[in-house]
Amino acid sequence: MSKHRIGFIGTGAVAELHQLSVDKLEHAELAGITDLNQERLSRREKEWQTKAYPDARALIESDEIDIIYILSPVEAHYEQAVQALKAGKHVLIEKPVAMTVEQIREIGRVAQEMNRVCFPAHNYIYHPEMIKMKRYIEEGALGQICSAWFTFIIHHSEELASHYPGVIRQIMTHHLYTTLYLLGKPEAMSCSATKLHYQTLEREDQSVMLLEMPGGAQAVLFSSFACDDDTSSPWTYLVKVLGTQGGMNYSWRDVLYNRAIGTLGKAYPKYEELFFYESEYFINECIDKGKAPLSTLQDAAVVQHMVELAEANLGKHMISC
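Reference entry: report on the structure contained in this document.

Criteria and thresholds
Along every chain, residues carry numbers that run from 1 in the direction the sequence is written. With pLDDT at 70 or above as the cut-off, local features in this predicted model cover only qualifying residues; side-chain atom pairs require 80 or more to be listed or tallied, and sums for whole chains, interfaces and linings still use all residues. With hydrogens and water excluded, all non-hydrogen atoms of the structure serve as input to the side-chain values. Bend at a given residue is defined as the angle between two axes, one fitted to the seven residues that end at that position and one fitted to the seven that begin there. Counting from the N terminus, the helices are the DSSP runs of H or I reaching at least four residues and the strands are the DSSP runs of E reaching at least two. A simple rule labels every residue: compare its accessible area, found with a 1.4 Å probe on the protein chains alone, to the largest value its type can have, and call it buried under 20%, exposed over 50%, or partly exposed in between. Whether two strands pair comes down to DSSP finding at least two bridges between them. Between N-to-C directions, angles cover 0 to 180 degrees, with each direction set by a line fitted to C-alpha atoms, over the stretch in contact for helices. The contact rule is simple, with two residues in contact once any of their heavy atoms fall within 4.5 Å. The aromatic pairing rule takes the rings of Phe, Tyr and Trp, using the six-membered ring of Trp, and pairs them if the centres are within 6.5 Å, calling planes under 30 degrees apart stacked, those over 60 edge-to-face and the rest tilted. Lysine NZ or arginine CZ positioned within 6 Å of the ring centre and within 35 degrees of the ring normal marks a charge as sitting over the ring. In what follows, salt bridge is the name for a side-chain nitrogen of Lys or Arg lying within 4 Å of a carboxyl oxygen of Asp or Glu. Nonpolar cores were defined as sets of buried Ala, Val, Leu, Ile, Met, Phe, Trp, Tyr and Cys residues, with membership established by side-chain atoms within 4.5 Å.

**Digging into helix α8 (residues 167-183)**
Point 1. Threonine 173 marks the point of greatest bend in α8, at about 35°.
Point 2. Of all the 17 residues making up α8, 16 are buried; the element is thus mostly covered by neighbouring parts of the structure.
Point 3. Downstream of α8 by one or two residues, glycine 184 has phi in the positive range, about 100°.

**Digging into the pairing of strand β11 (residues 246-251)**
Point 1. As judged from the six bridges shared by strand β10 (residues 237-243) and β11, these two strands associate in the antiparallel manner. Bridge pairing in β11 places glycine 243 opposite glycine 246.
Point 2. Hairpin connection between β10 and β11: a loop of two residues separates the two successive antiparallel strands.

**A short note on the sheet that holds strand β5 (residues 118-121)**
Point 1. Pairing in this open sheet of five strands is parallel, and the strands run β2-β1-β3-β4-β5 from one edge to the other. The sheet is open, and its two borders are formed by β2 (28-34) and β5, each paired with just one other strand. Averaged over all pairs of adjacent strands, the angle between their axes in this sheet comes to 20°, without regard to strand direction.
Point 2. Against the sheet, helix α1 (residues 13-23) touches β1 (4-9), β2, β3 (67-70) and β4 (90-94), its axis set at about 170° to β1.

**Focus: the packing of aromatic side chains**
Point 1. Inspection of the entire model under this criterion finds 17 aromatic pairs.
Point 2. The structure contains a cluster of three or more aromatic residues connected by ring pairs, namely Tyr124, Phe152, Tyr177, Phe225, Tyr237, Tyr250, Trp252, Tyr268, Tyr271 and Phe275.
Point 3. Its guanidinium or amino end placed over the ring of tyrosine 181, lysine 134 lies 4.8 Å from that ring's centre, counting from NZ or CZ.
Point 4. Sitting over the face of the ring of tyrosine 136, arginine 135 holds its NZ or CZ atom 5.6 Å from the ring centroid.

**Topic: the pattern of salt bridges**
Point 1. For the structure on display, the rule yields 18 salt bridges.
Point 2. With a shortest N-O distance of 3.0 Å, arginine 40 and aspartate 35 are connected by a salt bridge.
Point 3. Between glutamate 139 and arginine 135 there is a salt bridge, and its shortest N-O distance comes to 3.8 Å. You can see glutamate 139 and its partner arginine 135 sitting in helix α6 (residues 128-139), four residues apart, about one turn around the helix.
Point 4. Given the relative accessible area of 39%, arginine 135 is considered partly exposed.
Point 5. Salt bridges sharing partners connect three or more residues here, namely Glu16, Glu39, Arg43, Arg44 and Glu47.

**Here's the deal with the environment of asparagine 249**
Point 1. Residue placement: asparagine 249 occurs in strand β11.
Point 2. A relative accessible area of 48% means that asparagine 249 is categorised as partly exposed.
Point 3. C-alpha separation for the pair asparagine 249 and tyrosine 164, spaced 85 residues apart in sequence, amounts to 28 Å.

**A closer look at unusual backbone geometry**
Point 1. Residue proline 96 is reached from lysine 95 by a cis peptide bond, and omega for that bond is -10°.
Point 2. Relative to the elements of secondary structure, proline 96 occurs in the loop between β4 and α5 (101-114).
Point 3. One non-glycine residue with positive phi stands out, namely glutamine 49, at about 50°.
Point 4. Within the secondary structure layout, glutamine 49 lies in the loop between α2 (38-48) and α3 (56-60).

**Considerations on the nonpolar core**
Within soluble globular proteins, side chains that are nonpolar tend to cluster in buried spots.
Point 1. Among the nonpolar cores identified, the biggest contains 76 residues, and Phe8, Tyr69, Met209 and Trp252 are the most heavily contacted of them.
Point 2. Those residues in contact with tryptophan 252, other than ones at most four positions away along the chain, are Tyr124, Phe152, Ile154, Tyr237, Tyr268, Lys270, Tyr271 and Leu274.
Point 3. Formed by 26 residues, the second largest nonpolar core is a distinct cluster that contains Ala56, Ala84, Leu85 and Val110.

**Remarks on the sheet that holds strand β8 (residues 206-212)**
Point 1. Spatially, the seven strands line up as an open sheet ordered β11-β10-β6-β9-β8-β7-β12, and their pairing is mixed. In this open sheet, the two edge strands, each paired with only one partner strand, are β11 and β12 (319-320).
Point 2. Each of β6 (145-153), β10 and β11 is contacted by α6, which is oriented at about 165° to β11, the strand it contacts most.

**A word on the environment of isoleucine 145**
Point 1. Residue placement: isoleucine 145 occurs in strand β6.
Point 2. Ignoring any residue separated from it by four or fewer positions in sequence, one finds isoleucine 145 in contact with Ile137, Leu183, Ala217, Val241, Leu242 and Gly243.

This is how it looks when you write it as structure tokens:
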């Protein structure tokens, strides 16, 4: 079998993790990269021993590339995704997929028209333990689901956080698509947010959502760039689901060591593995076998709608989703 040839648009911190994952894939290889930051592009070209393209259009139109990974800032996602799909490429888009629900829907329409796979990089759900968690829920092993918690608590300096939107878009997006995957679409939600440690950035660094799920279960989603959790039972990244007959945990802190990569100051292998698992599913299952992603563009549109609702209704009581 010939190898798929992948091109990266963007070579920033998250691209480091994608490069490591692609390097482990049996039937794919990194064949090209581009970046607006020319100094970083030149450095990555040497580090990764791959071809550097002068701009996104040159990479997208290259006959040497059949898959595009869009790892650029979210403001560029829509235009680059549509261009890549119309050029006949399969596309993986880092989250958030786009700026608005309408942009996500249009990307989906173009993907369907071109008969190409457009894969939201909703990587948190592709770990085997998360897939197993969903299976236990669907089989009824936990009985009636009563509650769930989703937490992300990792300090981000103001300089690092300046590269991202606030935690509602940056982290709650992860929590929301994970909720959809495990439990379905919530019926109502409330959200609050605070700015605790930024001196100049005008965005939230901590947020909490309360979701009412079908059947009466409640889910609590918490995200913080304001602090770390170094307690004996850390909630650094944690998913907990409780039912009338049992419960389950999934945590990044099962393994940890001191080696920084990407945007994180420590190595969380369960986090780093997610990039391999999603790329493997994208290529082996979606492109080669025609399966749908575990989290689709339709899911991405639902999540974007909830993010927009949260931002527009901060501090209000429960609103319908």
